[in-house]
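# Summary of the model geometry
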Amino acid sequence: MTIQQILLVLLLWMWLPHPCCTEMLFRRTPDLRPKSFGGRTSGDDGKTIHRQKRGWMWNQFFLLEEYTGSDYQYVGKLHSDQDKGDGSLKYILSGDGAGTLFIIDEKTGDIHATRRIDREEKAFYTLRAQAINRRTLRPVEPESEFVIKIHDINDNEPTFPEEIYTASVPEMSVVGTSVVQVTATDADDPSYGNSARVIYSILQGQPYFSVEPETGIIRTALPNMNRENREQYQVVIQAKDMGGQMGGLSGTTTVNITLTDVNDNPPRFPQSTIHLRVPESSPVGTAIGSIKATDADTGKNAEVEYRIIDGDGTDMFDIVTQKDTQEGIITVRKPLDYETRRLYTLKVEAENIHVDPRFYYLGPFKDTTIVKISVEDVDEPPVFSRSSYLFEVHEDIELGTIIGTVMARDPDSASSPIR
């Protein structure tokens, strides 16, 4: 191939369009004007005349809310392709806010807003436009409808429906346990920018709790939070728009969180040995005293059952659990006798009724104590050796003759004289 041929090929290659550039070179912007529709009319001679229907021409109408300028805010321009610029046409505006909120220059078709507009009150306005001939007052364009959409600005902070929330979570919950979800709303346009995109953060309540930035779900952040150490927590949550970025608006709410009780504490007797006294004359069923094991839990988690498990007085005494006070009431089971036995020893156990298997490792959920019961002496009446005596005597016995003997004794340990 000669040099001339090579140069010719290069020149042709440079002038031909290439696939990588076609879209860029020939891309067209979309026509924002209403489509024109063809129509037919009949002339005086009966022939059909084809006429292209004229169309409106205007820009897209978008208006920024909360405009603070001193002049009226420019909205856009209505223009008909029938307008020759000689002032022969008159533009008329009707619909939402026409003549009050929106005014139109009847000669130029320029539309202005007369005051600040709040998108949160109304997001768009539907209006109708018409162009008429000033001289004949006949329309040169059919009435057409258009919309003015209000563009949002970030002028609303996120708000929570409640100033103060109350919530609860069981104590000893694992890290990440869900407590409650708080949700803030933002009146800005969620479809435009990040004005309504809310991110949550925790301002107060760390390191005990955390909040999920996207959902507002509050979760526990520390293990083994113990109600017996601290029961109430106050958490302050912030909701910030603009995706949490600098310059976003924010709102806060307070969440009062209570740790609810679980059975993580066994009962404990305050003393290893308890002393009680009982008169020997106490009837069977007499309550001689009470004992109580303390439990740091509350409600049913603190309920205990008492029983006598050992000792030399198991057959002489009973113990009954008092439900309302959670005390163990010791009662006399058999008659007592100071002279026979003066001291009894009982081994008493208190055990939780409702045990949570998750906390077996903190057990055992029971405790024991020794109860020593002293029997007190009572001044008892003398006791005859027999319940009845029978003596025989002759009818002519002399006065003063001994006919028999009765005998009584004092059952007390310190025997008193008997007469």
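Residues numbered from 1 in each chain as written. Predicted model: local features only at pLDDT ≥ 70, side-chain atom pairs only at ≥ 80, totals over all residues. Heavy atoms only, no water.

Under an unreviewed UniProt entry, the name given to the protein is CAD10 protein, and the source organism is Steatornis caripensis. Turning to the protein, the UniProt annotation filed under Subcellular location (unreviewed entry) states: "Cell membrane". (UniProt positions renumbered as here; feature names shortened; annotations may be inferred.)

Assigned secondary structure in the protein consists of 2 helices and 26 strands. When burial is assessed residue by residue, the protein has 33% of its 419 residues classed as buried. Long-range pairs, those at least 24 residues apart, make up 67% of the contacts in the protein between residues at least 6 apart in sequence. Carbon together with sulfur atoms contributes 52% to the accessible area of the protein, which is approximately 26700 Å² in total. (Helix = DSSP H or I, 4+ residues; strand = E, 2+ residues; numbered from the N terminus. Buried < 20%, exposed > 50% of the residue type's maximum accessible area, 1.4 Å probe, protein only. Contact = heavy atoms within 4.5 Å. Areas by Shrake-Rupley, 256 points an atom, 1.4 Å probe, with all protein chains shown as cover.)

Residue position: Thr 183 is located in the loop between strand S12 (178–181) and strand S13 (199–204). Taking the relative accessible area as the measure of exposure, Thr 183 reaches 41% and is therefore partly exposed. Taking the C-alpha atoms as reference, Thr 183 lies 8.5 Å from Ala 239; in sequence the two are 56 residues apart. Aside from chain neighbours lying at most four places away, what touches Thr 183 is Thr 159, Phe 160, Pro 161, Tyr 165 and Tyr 200.

Mapped onto the fold, Asn 265 is located in the loop between strand S17 (250–260) and strand S18 (273–279). With relative accessibility at 17%, the residue Asn 265 sits in the buried group. A distance of 3.1 Å separates polar atoms of two side chains, one belonging to Asn 265 and the other to Glu 228. In this structure the side chain of Asn 265 is engaged in a polar contact, spanning 2.8 Å, whose partner is the side chain of Asp 264. Not counting residues up to four positions away in its chain, the partners in contact with Asn 265 are Glu 228, Asp 295, Ala 296, Asp 297, Asn 352 and Phe 365. (Polar contact = N/O pair within 3.5 Å; in protein donor to acceptor, adjacent residues only side chain to side chain.)

Once that is clear, we can look at the sheet that holds strand S10 (residues 144–151). Pairing is mixed across the open sheet formed by 4 strands, whose spatial order is S4-S10-S9-S6. What marks the edges here is a single partner per strand, and that holds for strand S4 (62–64) and strand S6 (89–95). On average, each strand axis in the sheet is inclined to that of its neighbour by 30 degrees, with strand direction left out of account. Pairing of S4 with S10 involves 3 bridges; the strand directions are parallel. Its bridge partner lying in S10, Phe 62 is registered against Lys 149. (Pairing = 2+ DSSP bridges. Axes fitted to C-alpha atoms, helices over the stretch in contact; angles between N-to-C directions.)

A few words on a nonpolar patch on the surface. A contiguous nonpolar patch, built from Phe 384, Phe 391, Val 393, Ile 397, Ile 403 and Val 406 and spanning about 530 Å² of accessible area, is present on the exposed surface. The residue Phe 384 is located in strand S25 (residues 383–384) in this model. (Patch = residues over 30% accessible without salt bridge, like charges linked within 9 Å, V, L, I, M, F, W, Y side chains within 5 Å. Salt bridge = Lys/Arg side-chain N within 4 Å of Asp/Glu carboxyl O.)

Moving on to the packing of aromatic side chains. Pairs of aromatic rings are described using the distance from one ring centre to the other and the angle between the two planes. Applying the stated criterion to the full structure yields 7 aromatic pairs. Between Tyr 389 and Phe 391 the ring centres are 6.2 Å apart and the planes differ by 15 degrees, which places this aromatic pair in the stacked class. Here Phe 391 falls in the partly exposed class, since its relative accessible area comes to 37%. The rings of Tyr 208, Phe 209 and Tyr 233 are connected pair by pair, giving a single aromatic cluster. Over the ring of Tyr 208 we find Arg 230; its NZ or CZ atom is 5.2 Å from the centre of that ring. (Phe/Tyr/Trp six-rings, centres within 6.5 Å; stacked < 30°, edge-to-face > 60°. Lys NZ or Arg CZ within 6 Å of the ring centre and 35° of its normal.)

Judged by nonpolar contacts, the single largest core of 23 residues is most densely connected at Ile 291, Tyr 306, Phe 317, Ile 330, Leu 336, Val 371 and Ile 373. Of all the secondary-structure elements, those providing two or more residues to this core are S18, strand S19 (287–291), strand S20 (304–311), strand S21 (317–322), strand S22 (327–332), strand S23 (343–352) and strand S24 (366–376). Here the element with the most residues in this core is S23; it accounts for 4 residues. Leaving out residues up to four positions away in the same chain, Ile 330 has contacts with Leu 276, Thr 286, Ala 287, Ile 288, Gly 289, Phe 317, Asp 318, Ile 319, Val 371 and Ile 373. (Core = buried A, V, L, I, M, F, W, Y, C linked by side-chain atoms within 4.5 Å.)

By the element assignment, Glu 327 lies in strand S22. Sequence separation of Glu 327 and Ser 290 is 37 residues, and the distance between their C-alpha atoms is 6.3 Å. A polar atom in the side chain of Glu 327 sits 3.3 Å from the side chain of Thr 325.

Time to look at the side chain of Gln 326. With respect to the helices and strands, Gln 326 occurs in the loop between S21 and S22. For Gln 326, a relative accessible area of 14% gives the class buried. In terms of polar contacts, Gln 326 uses its side chain to reach the backbone amide nitrogen of Val 304, at 2.7 Å. A polar atom in the side chain of Gln 326 sits 3.0 Å from the backbone oxygen of Lys 323. If we ignore the near neighbours within four places in the chain, the residues touching Gln 326 are Lys 292, Ala 302, Glu 303, Val 304 and Tyr 306.

Take the pairing of strand S15 (residues 217–220) next. Moving residue by residue along a regular strand, the side chains alternate between the two faces of the sheet. Of the pairings in the sheet, the one linking S12 to S15 comprises 3 bridges and is antiparallel in character. Paired with Gln 181 across the bridge in S15 is Ile 217. Pairing analysis gives 3 bridges linking strand S14 (residues 209–211) to S15, with the strands arranged antiparallel. Across the sheet, the residue bridging to Phe 209 is Thr 220, located in S15. Here S14 hands over to S15 after 5 residues, with Gly 216 in that stretch at a positive phi of 80 degrees.

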